[in-house]
Amino acid sequence: MKRITALIALLAFTMAAQAQYRNEPNDVFASQFDRYVTFSLAARYGVAMPLGGQKGYIDRISPANVAIEGEWLFPKHFSLGIKTGYQYNQQRLDRQVYELGDETVSAVQTRTLTIIPAMVSASYYFAENSAAIRPYVQLAGGGAYVDYTNFFGPLSDQNNGFKAAISPAIGLKFFGQRDQKLGAEVQAQYQNVFFNYDRLRNSSPSLMLSAGLVYRMY
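Remember, it's a predicted structure, so these values are computed and weren't measured experimentally.

**Observations concerning the overall build of the protein chain**
Here is step 1 of the chain: Counting secondary structure elements, the protein chain contains 3 helices and 10 strands.
Here is step 2 of the chain: Order of helices (α) and strands (β) in the protein chain, N terminus to C terminus: α-α-β-α-β-β-β-β-β-β-β-β-β.
Here is step 3 of the chain: Across the 218 residues of the protein chain, 39% fall into the buried class.
Here is step 4 of the chain: Here the contacts in the protein chain between residues at least 6 apart in sequence split such that 64% fall between residues at least 24 apart.
Here is step 5 of the chain: In the form shown here, the protein chain has an accessible surface area of approximately 12,400 Å², with 63% of it arising from carbon and sulfur atoms.

See the structure below:
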């Protein structure tokens, strides 16, 4: 009888230990991406559509936009990151007569706008870090260096400086298979830079669609 009781107790203890092992969140067989804080780096090329005040200055889609982003990925679907890039837009108008101060000139007007963002980001992913497909939402904020230069032939009207900026976004990272390090990324980003000068009124918002490569590492 004592042997049977001891056997039952040993069996119960073994089953409890196995159940605890299965439920252990830091399973030694789990992916490194899911167990530790890891890092990812992305580079994307995009096109940007001017909105609001920016559309009143340049109403053409910008084909010259590069985004670079680094993220620290935490095991619980969250990440913190930094992002920058280079955004340039230009529009040339037909020759017209302009009054610049006390002068009247006939010139071709070329409007240019350069933006270099510098922001911190916080993202929430709807799949674990090791997943093959990772959709996410993101909110970024910080600032951007803005260069507004409007050329009238050889003359120019220029204003530049570092302004506050915000940038919410949604995106998708695709790695092909679980735990793969190199993948592709697409993102839709709304950006608003609080810059207001001359023909560019009421801030400088835009909508950028970008695609590129992402590499995650541990």
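**Remarks on the environment of Tyr57**
Here is step 1 of the chain: Among the secondary structure elements, Tyr57 is positioned in helix H3 (residues 52-57).
Here is step 2 of the chain: Among residues more than four places away in sequence, those in contact with Tyr57 are Gln91, Arg111, Thr112, Leu113, Tyr148, Thr149, Asn150, Arg199 and Leu200.
Here is step 3 of the chain: Within the structure, Tyr57 has its side chain in polar contact with the backbone oxygen of Thr149 (distance 3.4 Å).

**Concerning the confidence of the model for the protein chain**
Here is step 1 of the chain: Averaged over every residue, the pLDDT of the protein chain is 88; the share at 70 or more is 86%.
Here is step 2 of the chain: Ranking the elements of the protein chain by mean pLDDT puts helix H1 (residues 2-23) last with 43 and strand E9 (residues 182-193) first with 98.
Here is step 3 of the chain: Long-range and interchain partners of residues 2-25, a stretch whose pLDDT sits below 50, account for 3 contacts in this model, where long-range means more than four residues apart.

**So, the side chain of Thr114**
Here is step 1 of the chain: Topologically, Thr114 is positioned in strand E6 (residues 109-125).
Here is step 2 of the chain: Residue classification places Thr114 among the buried residues on the basis of a relative accessible area of 11%.
Here is step 3 of the chain: Residues in contact with Thr114, not counting those within four places in the same chain, are Tyr86, Gln87, Tyr88, Tyr145, Val146 and Asp147.

**Digging into the pairing of E6**
Here is step 1 of the chain: When you tally the buried positions in E6, you get 12 out of 17 residues, the bulk of the element.
Here is step 2 of the chain: Pairing of strand E3 (residues 78-92) with E6 involves 13 bridges; the strand directions are antiparallel. Bridging across to E6, Arg92 finds its partner in Thr110.
Here is step 3 of the chain: The sheet contact formed by E6 and strand E7 (residues 133-152) spans 17 bridges and is antiparallel.

**Let's talk about the sheet that holds strand E2 (residues 62-73)**
Here is step 1 of the chain: Ordered in space as E1-E2-E3-E6-E7-E8-E9-E10, the 8 strands form a closed barrel in which the pairing is antiparallel. Shown here is a sheet whose adjacent strand axes are inclined to one another by a mean of 20°, direction ignored.

**Things to note about the side chain of Asn89**
Here is step 1 of the chain: Looking at the secondary structure, you find Asn89 in strand E3.
Here is step 2 of the chain: Within polar-contact distance, the side chain of Asn89 engages the backbone oxygen of Arg60 at 3.0 Å.
Here is step 3 of the chain: Not counting residues within four places of it along the chain, the set of residues in contact with Asn89 comprises Gln54, Ile58, Arg60, Ile61, Ser62, Arg111, Thr112 and Leu113.

**Examining the nonpolar core**
Here is step 1 of the chain: Core analysis: the biggest nonpolar cluster contains 13 residues, and Leu113 and Val193 have the highest contact counts within it.
Here is step 2 of the chain: Those elements that provide at least two residues to this core are E6 and E7.
Here is step 3 of the chain: Here the element with the most residues in this core is E7; it accounts for 4 residues.
Here is step 4 of the chain: Every residue in contact with Leu113, bar those within four places of it in the chain, is listed here: Gln54, Tyr57, Ile58, Gln87, Tyr88, Asn89, Val146, Asp147, Tyr148, Leu200 and Ser204.

**Here's the deal with unusual backbone geometry**
Here is step 1 of the chain: In the Ramachandran plot, Asp179 falls in the positive-phi region, its phi being about 70° despite a non-glycine side chain.
Here is step 2 of the chain: Examined against the element boundaries, Asp179 turns out to sit in the loop between strand E8 (155-174) and E9.
Here is step 3 of the chain: Even without being glycine, Asn202 reaches a positive phi, approximately 60°.
Here is step 4 of the chain: Classification of Asn202 by relative accessible area gives exposed; the value is 62%.

About the cut-offs
Residues numbered from 1 in each chain as written. Predicted model: local features only at pLDDT ≥ 70, side-chain atom pairs only at ≥ 80, totals over all residues. Heavy atoms only, no water. Helix = DSSP H or I, 4+ residues; strand = E, 2+ residues; numbered from the N terminus. Buried < 20%, exposed > 50% of the residue type's maximum accessible area, 1.4 Å probe, protein only. Contact = heavy atoms within 4.5 Å. Areas by Shrake-Rupley, 256 points an atom, 1.4 Å probe, with all protein chains shown as cover. Polar contact = N/O pair within 3.5 Å; in protein donor to acceptor, adjacent residues only side chain to side chain. pLDDT = per-residue confidence, 0-100. Pairing = 2+ DSSP bridges. Axes fitted to C-alpha atoms, helices over the stretch in contact; angles between N-to-C directions. Core = buried A, V, L, I, M, F, W, Y, C linked by side-chain atoms within 4.5 Å.

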